[in-house]
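Overview (structure and organization)
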Amino acid sequence: MRDILTRARAYEQSENVGRNPTDNPTIGDVIAERLGRRDILKGALGVAAMAATVSPLALAAAGRAHAQSATRYRFDEIEAGVDKTHHVAAGYDADILIRWGDPVLAGAPAFDPRKQTAATQRQQFGYNCDFLGYFPMPGAANPSHHGLLAVNLEYTNEELMFPGLKRQDVKGVLFADMTKELVDIEMAAHGGAVIEVRRENGKWQVVANSKYGRRIDATTPMEITGPAAGHARLQTSADPSGRRALGMINNCAGGVTPWGTWLTCEENFHGYFNGKLPDGHREASNHKRYGVPGNSYAWGTFHDRFNVTKEPNEPNRFGWIVEIDPFDPNSVPKKRTAFGRGKHEGAAGIINSDGRYVVYSGDDQRFDYVYRFVTNARVDRANPKANRDILDDGVLSVARYNVDGTVDWLPLVHGQGPLTAANGFASQADVVIARRLAADLVGATKMDRPEDVEANPVTQKVYVILTNNSNRKPDQVDAANPRADNRFGHIIEMAPPGGDHAAAQFRWEMLVRCGDPSVAGVGASFSTDTTRNGWFGMPDNIAFDSQGRLWVATDGNSKSRTGRTDGLWGVETEGPGRGTSRHFFRVPVGAELCGPCFTPDDETLFVAVQHPGEGVSAGEASTFEEPVTRWPDFKPDTPPRPSVVAITKRGGGKIAS
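Since this is a predicted model, take the numbers as computed values, not measurements.

Turning next to the confidence of the model for the protein chain. Detailed reading of the predicted coordinates is not advisable wherever pLDDT is low. Residues at a pLDDT of 70 or more form 86% of the protein chain, whose mean pLDDT is 89. Every residue in residues 34-68 scores below 50 in pLDDT, and together they form 54 contacts with partners more than four places removed in sequence or on other chains. Counted against residues more than four places away or in other chains, residues 478-482, with its pLDDT under 50, gives 11 contacts.

Structural data, given as structure tokens:
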């Protein structure tokens, strides 16, 4: 889920990669117009508006007494800052559960970072862990102490994985001395993992040699299902059927279904492709809209399917939400095309009041959109297996935010509105394959990097996480919304009428505009409590505990940007403390906090620490030989290792209670 301007890759240096070329209104345009209306002083929206013209510190002081007494987050905040290790609130333990290279499959060899092979990596925990999904073990004495953990493995940092690489300063692949052997290790480190975990004597451990252990990588056979399955635009020389893909890549956030499956999202797939389409190729506009080819990795040099010159349809086989059964290591993952194709950030769902399943997702790029998918079938709660294919049939829609505080869900359905053959959409397969182009046509609202979108299971409200948008220009905003060059992001709250998540129209409010409220020019709108640590920038992933409390993880903080690392904050969404937050956990230098996930009893919080020591985030050169941190092992000659952390309260009890 890295910001496409923060990694030192050629495709991420361009602000125009896959950019939205339409004149659809931006969310900034909508907020500006809405805040200029008579309801400017109503509720939390009024707080957001006043923050643009009144000192944020004055607002903070006014709400401070309420915030201190109203908070539901019972812990002492940690200090914000930057150093080489992680920090958690006093009274809690944050234990390393599994690291890059640790065994996943039975018989996996011990990790040796200087003697890596693709064969060994396929048996070991992969790189840059992201989304975490906890699945209670059926029949367990305590389902919150024994279960499976599904883990996304998003991308690789070659400079930290491999010794001796030399950086090049030319457009294209960053490291010119990549070999097929190294690329194959990278491909094996992508994808995902399933591990069995158990808590004994208060501590979590991976169950060794578990029958459930599984590694999924960039070569794992997968089935393509839904409206695009078998379509000519998904057919390749290796798969003329268009129904059998190999692997999943850049898997970012995801979700857990009520029937016990893992939804994992392919995000920035474009960077793995090289080459050039022939002039006039039918995929030219579609690929351009997604930024293909991104020329970020060297995979296309050694594997023809990642070279669009040779396999122009291969990119269409990525960018999907994938459904996996974590309890069956032999099951075939399914790429569910009914969700549409994008740079997916999240697939969190909720059972609607009428029994249908609703999944929200953001398309993580500046000026792209927020989506919803509603199944046609109802969830069979009594027979989980009956739900295994309901995600292939439903209604996909995209959000348009209106100035009157409503959200319209615009159907992306072939034959409706402009989605016709005359505009290049001859079937629903065309709609889902070129989802961005379809959303452009129907007039969706351009957002500031929509990432995780999740419904609160207690209040039914839906939260849209918008990380940032440094590309937004001053002429796109006005005095009511001074967020040009929006570097810190914001959070929008949506309310479905009567809790009906399938309704055609919702209400929306601004929950918080992020950034340091002590700097008036930032325009941050949330108030802080008694310390300087309660604010955050660049929100990314979120999670709700069983009490309906919102937890926000961040991506993009650094010493040079904010003087702090990324971490996890508890954010109040209700009552007099609404808009306040408390700092619970922070990651080491260069890292990002991903995948917050609670056990059902709220006594364990799992988090993923991704890309520790990444030099671009740290603002320093960082290599395998000389990383800015050697977290979590801190051993000489050992590179930093992305890891999953298990957080528990000393002496037992619920997190933050």
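We now examine the side chain of Asn541. Structurally, Asn541 can be placed in strand β25 (residues 539-544). Asn541 sits in the buried class, given a relative accessible area of 3%. A polar contact is formed between the side chain of Asn541 and the side chain of Glu345, at a distance of 3.0 Å.

Below, the discussion takes up unusual backbone geometry. The residue after Val292, namely Pro293, is reached through a cis peptide bond having omega 0°. Relative to the elements of secondary structure, Pro293 occurs in the loop between α8 (284-290) and α9 (299-302). Of the consecutive residues Trp631 and Pro632, the connecting peptide bond is found in the cis state with omega at 0°. Mapped onto the fold, Pro632 is located in the loop between α12 (615-618) and β31 (643-649). The phi dihedral of Asp602 is positive, around 65°, even though this residue is not glycine. Counting through the fold element by element, Asp602 comes out in the loop between β29 (592-598) and β30 (604-610). Positive phi outside glycine occurs at His611, with the angle close to 40°. For His611, a relative accessible area of 0% puts it in the buried group.

Summed over the entire model, instances satisfying the criterion amount to 0 disulfides. Here Cys129 stays unpaired: no disulfide links it, and the sulfur of Cys594, its closest cysteine neighbor, is 7.3 Å away. The buried category is assigned to Cys129, whose relative accessible area is 0%. Note on Cys252: no disulfide assigned, nearest cysteine sulfur contributed by Cys594 at a separation of 6.7 Å. Take Cys252: its relative accessible area is 0%, and that puts it in the buried class.

This part is about the sheet that holds strand β8 (residues 221-225). Taken in spatial order, the 6 strands of this open sheet run β9-β8-β13-β12-β11-β10, and their pairing is mixed. At either end of the open sheet lies a strand with only one pairing partner, and these are β9 (244-246) and β10 (251-256). Within this sheet the neighbouring strands show an average axis-to-axis angle of 35°, counted without direction. Examined bridge by bridge, β10 and strand β11 (residues 262-266) share 4 bridges and lie antiparallel to one another. Each bridged residue has a counterpart across the sheet, and for Val256 the counterpart in β11 is Trp262.

Next up on the list: the sheet that holds strand β28 (residues 581-586). Strand order in this open sheet of 5 strands is β1-β28-β27-β26-β25, and the pairing throughout is antiparallel. Among the strands making up the open sheet, the edge pair consists of β1 (87-88) and β25. Both strand β26 (residues 550-554) and strand β27 (residues 567-571) contribute to a ladder of 4 bridges, which runs antiparallel. If you follow Leu550 over to β27, its bridge partner there is Val571.

Rules used throughout
Residues numbered from 1 in each chain as written. Predicted model: local features only at pLDDT ≥ 70, side-chain atom pairs only at ≥ 80, totals over all residues. Heavy atoms only, no water. pLDDT = per-residue confidence, 0-100. Contact = heavy atoms within 4.5 Å. Helix = DSSP H or I, 4+ residues; strand = E, 2+ residues; numbered from the N terminus. Buried < 20%, exposed > 50% of the residue type's maximum accessible area, 1.4 Å probe, protein only. Polar contact = N/O pair within 3.5 Å; in protein donor to acceptor, adjacent residues only side chain to side chain. Disulfide = S-S within 2.5 Å. Pairing = 2+ DSSP bridges. Axes fitted to C-alpha atoms, helices over the stretch in contact; angles between N-to-C directions.

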